[in-house]
4 protein chains.
Amino acid sequence: MAGSSLGNIFRITTWGESHGRGIGVVVDGCPAGLPLCEADIQSYLDRRKPGQSKYTTPRKEADAVEILSGVFEGKTTGTPISMVVWNTNQQSKDYSEIASYYRPGHADYCMDEKYGFRDYRGGGRTSGRETIGRVAAGAIAAKLLKEMHIKITTYTKSIGPVEINMERFNLEAMTENALYMPDQTAAEEAEYYLESCLKEHNSVGGVVECVVTGLPVGLGDPVFDKLDANLAKAIVSIGAVKGFEVGDGFAVAKSTGLSNNDAFYVEENGKVGKRTNHAGGTLGGMSDGTPLVFRAAFKPTPSIAATQQTVNKDGEELSISIKGRHDPIIVPRAVVVVEAMAAITILDLLLSNMTARVDRIVDFYDKKME
Amino acid sequence: MAGSSLGNIFRITTWGESHGRGIGVVVDGCPAGLPLCEADIQSYLDRRKPGQSKYTTPRKEADAVEILSGVFEGKTTGTPISMVVWNTNQQSKDYSEIASYYRPGHADYCMDEKYGFRDYRGGGRTSGRETIGRVAAGAIAAKLLKEMHIKITTYTKSIGPVEINMERFNLEAMTENALYMPDQTAAEEAEYYLESCLKEHNSVGGVVECVVTGLPVGLGDPVFDKLDANLAKAIVSIGAVKGFEVGDGFAVAKSTGLSNNDAFYVEENGKVGKRTNHAGGTLGGMSDGTPLVFRAAFKPTPSIAATQQTVNKDGEELSISIKGRHDPIIVPRAVVVVEAMAAITILDLLLSNMTARVDRIVDFYDKKME
Amino acid sequence: MAGSSLGNIFRITTWGESHGRGIGVVVDGCPAGLPLCEADIQSYLDRRKPGQSKYTTPRKEADAVEILSGVFEGKTTGTPISMVVWNTNQQSKDYSEIASYYRPGHADYCMDEKYGFRDYRGGGRTSGRETIGRVAAGAIAAKLLKEMHIKITTYTKSIGPVEINMERFNLEAMTENALYMPDQTAAEEAEYYLESCLKEHNSVGGVVECVVTGLPVGLGDPVFDKLDANLAKAIVSIGAVKGFEVGDGFAVAKSTGLSNNDAFYVEENGKVGKRTNHAGGTLGGMSDGTPLVFRAAFKPTPSIAATQQTVNKDGEELSISIKGRHDPIIVPRAVVVVEAMAAITILDLLLSNMTARVDRIVDFYDKKME
Amino acid sequence: MAGSSLGNIFRITTWGESHGRGIGVVVDGCPAGLPLCEADIQSYLDRRKPGQSKYTTPRKEADAVEILSGVFEGKTTGTPISMVVWNTNQQSKDYSEIASYYRPGHADYCMDEKYGFRDYRGGGRTSGRETIGRVAAGAIAAKLLKEMHIKITTYTKSIGPVEINMERFNLEAMTENALYMPDQTAAEEAEYYLESCLKEHNSVGGVVECVVTGLPVGLGDPVFDKLDANLAKAIVSIGAVKGFEVGDGFAVAKSTGLSNNDAFYVEENGKVGKRTNHAGGTLGGMSDGTPLVFRAAFKPTPSIAATQQTVNKDGEELSISIKGRHDPIIVPRAVVVVEAMAAITILDLLLSNMTARVDRIVDFYDKKME
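Residues numbered from 1 in each chain as written. Chains lettered and ligands numbered in written order. Predicted model: local features only at pLDDT ≥ 70, side-chain atom pairs only at ≥ 80, totals over all residues. Heavy atoms only, no water.

Undergrad: Residues and numbers for the interface of chain A and chain D, please.
TA: Listed per partner, the contact involves 43 residues of chain A and 43 residues of chain D. Here chain A and chain D share an interface that buries about 3500 Å² over both sides, 63% of which is from carbon and sulfur atoms. Of all residues in chain A, A:W15, A:F72 and A:F117 give up the largest surface area on contact with chain D, accounting jointly for 19% of the area buried on that side. D:R21 serves as the salt-bridge partner of A:E66, at 2.8 Å between the closest nitrogen and oxygen. Our enumeration of links across chain A and chain D arrives at twelve residue pairs in polar contact (both at pLDDT 80 or more). Elements represented by at least two residues in the side of chain A that touches chain D include exactly β2 (11–16), β3 (22–28), β4 (65–67), β6 (75–76), β7 (81–86) and α2 (108–115) of chain A. Residue classes in the side of chain A that touches chain D are distributed as 15 nonpolar, 17 polar and eleven charged. (Contact = heavy atoms within 4.5 Å. Buried area = accessible area lost by both parts, 1.4 Å probe. Salt bridge = Lys/Arg side-chain N within 4 Å of Asp/Glu carboxyl O. Polar contact = N/O pair within 3.5 Å; in protein donor to acceptor, adjacent residues only side chain to side chain. Helix = DSSP H or I, 4+ residues; strand = E, 2+ residues; numbered from the N terminus. Nonpolar A, V, L, I, M, F, W, Y, C, P; charged D, E, K, R; others polar.)

Undergrad: Before we move on, can you summarise helix α2 (residues 108–115) of chain B with the specific residues and values?
TA: All names here are of chain B. Within α2, seven of the eight residues are buried, which leaves it mostly tucked inside the rest of the structure. Of all the residues in α2, the buried ones are D108, Y109, C110, M111, D112, K114 and Y115. Downstream of α2 by one or two residues, G116 has phi in the positive range, about 95°. (Buried < 20%, exposed > 50% of the residue type's maximum accessible area, 1.4 Å probe, protein only.)

Undergrad: Report on the sheet that holds strand β2 (residues 11–16) of chain D, specifying residues and quantitative values.
TA: The strands making up a sheet associate through hydrogen bonds between their backbones, and the pairing can be parallel or antiparallel. All names here are of chain D. If you walk across this open sheet you meet the five strands as β1-β2-β3-β7-β4, and the pairing is antiparallel. Two strands lie at the open edges of the sheet, namely β1 (5–6) and β4 (65–67), each paired on one side alone. By the bridge criterion, six bridges tie strand β3 (residues 22–28) to strand β7 (residues 81–86) in an arrangement that is antiparallel. Bridged to V27 within β7 is I81. Packed on one face of the sheet, helix α1 (residues 38–48) meets β4 and β7 and runs near 150° to β4. (Pairing = 2+ DSSP bridges. Axes fitted to C-alpha atoms, helices over the stretch in contact; angles between N-to-C directions.)

Undergrad: Tell me about the relation of the copies chain A and chain D, residues and numbers included.
TA: Expressed as a screw transformation, the operator carrying chain A onto chain D has a rotation angle of 180° and an axial translation of 0.0 Å, and the superposed copies differ by an RMSD of 0.0 Å. Here the copies are linked by what is in effect a two-fold axis. Same-surface contact between copies: 100% of interface residues of chain A are shared with the interface of chain D. (Least-squares fit on C-alpha atoms with pLDDT ≥ 70 in both.)

Undergrad: Explain the sheet that holds strand β1 (residues 5–6) of chain A to me, using residue names and the numbers behind them.
TA: All names here are of chain A. Spatially, β1-β2-β3-β7-β4 is the arrangement adopted by the five strands of the open sheet, whose pairing is antiparallel. Either end of the sheet is taken by a strand with one partner, and the two such strands are β1 and β4. In this structure, β4 lies alongside β7, joined through three bridges in antiparallel fashion. Bridge pairing in β7 links V65 to V85.

Structure (structure tokens):
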């Protein structure tokens, strides 16, 4: 089954393996007339690039994007935008050993069972490099959303036991530390914690949080294509994500109706507001005009240098120690991936929402026909 | 946008409002030859029926299903199966008041903004009765999965602060209490807790857990149609769900690679097994042959009799107290909804997985052509 | 595979068998605010109703539609519109014989091979009654198109060897004869020809033509979702259609570039016009502002009383004569089916076209947010 | 709207413009284990390559394909196969003039209206070069079909007034003439006719016919995803196609039930056969085990050197003569495009047909689990 596409109107299709020719994405359904150049994409890709700090793999990957189609005279044309990042620094020899056995926490075993064999070089299609296509597509979506004053802020909420303190919340701090934490004190604690992980050849998990402001009311469709449902799929489809929650999330399970319901009130400008935002900006699966807030839980990097038990293709048990260049923590580089998936999901629902009302459709075409 | 369909091969489309003529579903793509009768569906619907205990609304709804198409001589024909539950006990007068204002925690305001107006009777399309279509479709999916020895077990894991104790875990207890908790002691504690909620005209949230055994290895497609990603969408699309997690879920964020990775070993029968199951039965988005385990967090019922602040359509603030018949807890009746969504998602991926390998396709048609 | 749905944004899903409980359709993605009642649907269904003349089956089928959801206070709500026509006049005994053998020109044999068995009563799912769902959905699409001044005119172009004469073309004549021919003289000739067919227990084919005016320029998407490509699928999916052509159609194969190209010119109102319309209103798969013109070729009714050779399920050859009530010509009742499929296809592309340009999207939301 | 994808299970997404960086396609859902190399693709692309004769444009385009992903150790891996043909010989200066005006018979005007502007170089996305992606994807589909003994034969049936004579039908002749006509005498007549067109700076249309043998019975789904309906969309989506017909096609409109119905009989091997094949191998939208036969009508090349009337972007009328290198006939190079679209459509339905019956699904997984 074709599982590499996402979205109905703004639809992306990714391709590529870790050690193949490159990683790419085709963005179909992008509206025409958006100013777009490679630098717009590159600035997003640079946020997931390895080698940014000692907590990310020291592999040097330029990860330079090329736009192959769909842009003419500096603007999107409405036709598919094909983008590629060529693989230039892949050292196949580093990965040759893993061809024979199944790495714990990885997809190796499942791929062999499903497809009969697998491209084992660097994880092949199941490598984290697959997210390059997502980020490139997300950069386009985010640019279009920005034209509509929709703003997405994504950051590291926690690394292992170290969580940001909302009283110290400071977005500018995020660019001052290598962990994308908007709390410099927490970042320093987290760095200290990561040092100990590195020493033990171990890795650690964490949580990414995303806040979206400026959404019109009503994005998302009742029943299956709810805003939060589509976000859930988009976010959980990121490798290593094991949990998704919106608003108060799992905490609602211990809450009561009286404390969890957000009271409505009338804002000074006459619009409907909410006194609190336990719901995280979505009611009945539709945006409610308040900030959309959601979180994703990332598991620890499964590739670790410490000794592990596993089996090989011949059904023999063995001990392994995974060599190579691996991040001890996925989260900092995953922040932009979460942001990209949010942008793609929101833009798709924003476009589909245009057909919700007959009067607006008639008005749209009346105006167009003038 | 059409948002009332889910699935690629086994595809369901639901329709209907709380106080309209009825609630229905069309199941398209169900394979031919499955023995099916209305009793198969009814037994699932009865698990979500109101009026089962004092913790569920005392409304009496027979919720009797009728199969309108797609079944002939006791078996599915391969053509669309249309099912309906007629609304027979809806008292519109109970709900007339809510036409004018926006209930906190409900979709009322978003619906008005999105569509220009709404069917306000009992929540209309955004009522919990919408899940009838899901459960009816899920009953069919579950029956087919059962023929393949795939078993789905779903239960209440927690209600408010009361969680089941895994050492007392007893599936048979689940049918002995009204809360679908597989731990009779916890169920009694939860009932005691619910009594206090009822007295305060309040409501409470909870967690549903689902375990699926017997899955072949490799269900789910890499990248976007991962088993857990599709499950996340299916589950978060259930009204009132605010969080989804698979395996250790959000706990992985505080875990390390060494403790979170599940070591592989060789089982006595020669198959590949895992020493632990932190992953919850999925690796790289594909089933790994061990039990699939996931959880959903449900918010407290938003309709409560206690006084709340809100606004009306004319932009005036007011105090309301929601009358009517409402469950103080959604979870017990939602258990079967979660199970239904799991069955639908898994069956769809099971069918799509049949085309993963050329050799099996050639073999399939060679055999068929004999 | 789920094959009973069509459309991306305005999406229909049909269900039901000839002799089951009824025939229905769920229309998902219909914009909110369209005034709609059962009479709007019924007037379309009445055009395909049997028993209108001696050239249509004398079966009496009221074919009264019921709207089960998606309409509130006389307007569409934006949620799925479920409609049903109950089967009330089906006489199963008439069809019992055909359970054992395969009718030439029918799907019986293919259904048995594909699904292992079939609902043989009146053709089951493959009966012409399946088109009821299409027509009901098409009536909604057509009503919305009418609000945008898009007009669809469909008629019988030919019956057997008798074709309408464009010099005598008169739309009003269409309602004066039983054959929906806009040429009374041709209609009388065709009736005379049909008499001879009836005497010989034979049937005959014909051509339906459809003209759509008022389309904005640019409907249809380049590459696969071209206006004419989507129309081709929609029309050829009607049982008995064996050919589809747009504009000059198959005649272009013998034409030259000089005679086939339509010269552009400037109309008095300053708009771009075309001197001729060999293209049939579509260029590069998009509407070009001139009338969309297409045709469908229908085969003769396969159910005939004359003797035919066939085989039965046990692999024995036999002679049969199909009893029962069958039209000697499909075309007159198919006219409204073609019109319905055109309306559904065009509306879907009209809605999807709203997202073609960034400036219009920004403008749409700026206006909405005011 | 995303209109550059086709197929449900075997799903292709094309991208690229005539004078951009290249033309490409992503094939998602291709089963794993198919031996595949660039030569497999190239042999198909070479059949549509320009410069093969004086009746095709003298442009020299190597059109060499590169496989960028999805193939490992000589076999497909089950992950997306990305392919590209770089544009190496595009001379933008040749096309600069057409930026300002609308070529008759081309999409220029519609593109400007739909998207606000267009990539005018060589037709941009609406160029015939777009079919490169279709042919590359079709080559893969065809290779897989060949493993299942399904054979597709496609040829030029007519050019202008010259049609092949079925009594002289000779497949080997097809490779002996530049027009892909399986009748050397007709080919010579057609060449003579084309000479006169060239002298008049004119172009001509034609018909392509395709015959598919070896199909299992039952491909195609009742209602909308009929084999012939999906084929109709796939074929009419090829630029320049104005008509599609299956079996006797438009001729059925003048036929009678007695002559059009194909009588069933029992073949020597005990299988069900048909005495004739007016239906063209499909009954009720499903393959019936006999050869699938369909035709496509291609319009004359719209780009001609003869003088034509048109308008420019400023709303002024003008006379033009299109310079450049254009085929006087599209058909010979379109033969392989038709074949590719047939292969893609048939493979997709073949894969989806695997889930038609419960017994075969259970059997498939029982076997797999052994």
